[in-house]
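Below, each chain spelled out in residue letters.
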Amino acid sequence: MVQFNGPHGKVTVAYLRQGGLNPPGEPPSESFAGKTVAITGCASGIGYQAALRIAALKPKKLILGARTTEKGEGAKRDILAKVPSLDSSAIQVVPVEYTSFPSVRQFAETVKRTTPALDCVLLSAGLALPTRETTADGWPTTFQVNVLAPALLAVALLPLLRATPGSVLEFVNSISYCNVASADVAPLLADPARGALAYFSGRERWTAQRAYYEAKLLLMFVLDGLVEDNGPAAAGPTILACCPGQCKTNLYREFPAAVRWFMAAFNAVIARTAEQGSRTLVTGLLRGQEAHGRMWVNDHYDDWSPGISEDEWKALQGRVWSEVKAVLRQYKGDLNT
Ligand SMILES: NC(=O)c1ccc[n+]([C@@H]2O[C@H](COP(=O)([O-])OP(=O)(O)OC[C@H]3O[C@@H](n4cnc5c(N)ncnc54)[C@H](OP(=O)(O)O)[C@@H]3O)[C@@H](O)[C@H]2O)c1
């Protein structure tokens, strides 16, 4: 459960700048020795940097989830060139396209069929879009890629994670979920009969920024739901979220040139490199059971608190999680197997 007693309100530029000036610590050497690690979003950005780092920390097997086999094979070639000590047979490429639930299911099925034990899952794929596009499954793309697809992947991989002692499932999320304020959720809370997912994904309220922040809040609700349903970390796996901090990546690639120019200039002053941000993803996987249900960011837990109250959080989390589970059941009938 996130902590509500920290600084809150809109995440400030000063906070982001502090993050840029103080990059996270590095993971210890050989910390993935003997482990099998699956990573999505590993063809570029923070996910690629995390995959590269883990490759150098002696994993038994690295499963690279990329949108296409070509992109995954490209990442594999690149990683093997930079980590020549890793045998090419230790890297498996499995395509996964988050805008398609069947593709997400297929990824999970392939991993389960080909991997007897799964120690770490790092779900790093995510995006920000300037316009409200929808997927073939009928959801806004920002919403499906940042919330529903990682949720489906998590429930589909849980049985294998449960069967692997000491396993970890980590969502790459963003502390920007704290930018969602009480006023943003007031109409939903005022109407208990209103569908939460329809509210958050609806066309009427859609702005690029709101869609991104709210998707990240909903992913925190998914984290809470999984932790509650799955029980204590000792029952396995440890489930956590992390935030890499503001990083210089291509996250705004779909935005108009003026926005990309602005973000590049902003990031040049404020942000970390993708490699620095990726350290948080990697060290999050090594926190052990204390991390269960928490947000790992800047080498701390929850260094920024939600923009909604604890009561609002509780009221919304239950509604969102039960609706998310109803969606997931359409694609994975029994969520416990
Ligand atoms: N950059 C930041 O400042 C920042 C801050 C906080 C949190 N984050 C989070 O960190 C994560 C990684 O972002 P990033 O900054 O590294 O951005 P990025 O460079 O754009 O990388 C995003 C990754 O997600 C993959 N991806 C995008 N859409 C996908 C889809 N439909 N199906 C499967 N994979 C998809 C991309 O694959 P392709 O390259 O093949 O499209 C790419 O590997 C995101 O969840 C983001 O919200 C970023």
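In case you missed it, the structure is sitting above this.
Residues numbered from 1 in each chain as written. Predicted model: local features only at pLDDT ≥ 70, side-chain atom pairs only at ≥ 80, totals over all residues. Heavy atoms only, no water.

Q: Can you break down the pairing of strand 1 (residues 36-40) residue by residue, with the values?
A: Strand 1 sits mainly inside the fold: 5 of its 5 residues count as buried. Burial along strand 1 is two-sided: T36, A38 and T40 facing one way and V37 and I39 facing the other are all buried. Two strands pair when backbone bridges link them, and strand 1 and strand 2 (residues 61-66) are joined in this way by 5 bridges, in the parallel orientation. When the sheet's bridge partners are listed, I39 is paired in strand 2 with L64. In terms of handedness, the path from strand 1 via helix 2 (residues 45-55) over to strand 2 forms a crossover that is right-handed. When strand 1 meets strand 4 (residues 120-123), the two strands line up parallel, connected through 4 bridges. (Buried < 20%, exposed > 50% of the residue type's maximum accessible area, 1.4 Å probe, protein only. Helix = DSSP H or I, 4+ residues; strand = E, 2+ residues; numbered from the N terminus. Pairing = 2+ DSSP bridges. Right-handed = clockwise from strand over helix to strand, strands pointing away.)

Q: Go over the site of the ligand with me, naming the residues and quoting the values.
A: Neighbouring residues of the ligand: 29 residues in total, closest K71, E97, Y212, T249 and R253. Note that an oxygen atom of the ligand is positioned 3.3 Å from one of the backbone N or O atoms of G126. One nitrogen or oxygen atom from the side chain of T249 is found 2.6 Å from an oxygen atom belonging to the ligand. Burial of the ligand by the surrounding chains reaches 96%, relative to a free accessible area of 890 Å². (Near = heavy atom within 4 Å. Polar contact = N/O pair within 3.5 Å; in protein donor to acceptor, adjacent residues only side chain to side chain. Areas by Shrake-Rupley, 256 points an atom, 1.4 Å probe, with all protein chains shown as cover.)

Q: Please give an account of the nonpolar core that cites residues and values.
A: Formed by 77 residues in total, the largest nonpolar core has its most connected members in L118, F171, I175, Y177, V222, L226 and V324. A total of 15 residues in this core trace back to one element, the largest contributor, which is helix 5 (residues 141-162). Leave out the neighbours within four places in its chain, and L226 touches A154, V155, L158, F171, I239 and W321. Core analysis: the second largest hydrophobic core is formed by 36 residues, I39, Y48, L62 and W296 among them. (Core = buried A, V, L, I, M, F, W, Y, C linked by side-chain atoms within 4.5 Å. Contact = heavy atoms within 4.5 Å.)

Q: Tell me about the side chain of D303, and please be specific about residues and values.
A: Within the secondary structure, D303 sits in the loop between strand 10 (300-301) and helix 11 (310-331). One buried charge, D303, has no salt-bridge partner; the nearest side chain with opposite charge is R272, at 7.0 Å. Engagement of the side chain of D303 in a polar contact is seen with the side chain of Y15, the distance being 2.5 Å. A polar side-chain atom of D303 sits 2.9 Å from a polar atom in the side chain of N298. Dropping the residues within four chain positions of it, D303 is found in contact with P7, Y15, I175, V297 and N298. (Lys, Arg positive; Asp, Glu negative; His and termini not counted. Salt bridge = Lys/Arg side-chain N within 4 Å of Asp/Glu carboxyl O.)

Q: Explain unusual backbone geometry to me, and be specific about the residues and the numbers.
A: Negative phi is the rule for most residues except glycine; trans is the rule for most peptide bonds. G236 connects to P237 through a cis peptide bond whose omega is -15°. Positive phi outside glycine occurs at N298, with the angle close to 55°. Along the chain, N298 falls in the loop between strand 9 (295-297) and strand 10. The class for N298 is buried, based on a relative accessible area of 15%. For D299, which is not glycine, the phi dihedral falls at a positive 65°. Among the structural elements, D299 can be located in the loop between strand 9 and strand 10. Residue D299 is classed as partly exposed on the basis of its relative accessible area, which comes to 32%.

Q: Lay out the environment of A149 with the relevant residues and their values.
A: With respect to the secondary-structure elements, A149 resides in helix 5. Of the residues examined, A149 reaches a relative accessible area of 0% and is grouped as buried. Remark: the alpha-carbon pair of A149 and G19, spanning 130 residues in sequence, is separated by 28 Å. With near-sequence residues (within four places) excluded, A149 lies in contact with Y98, F101, V104 and Q144.

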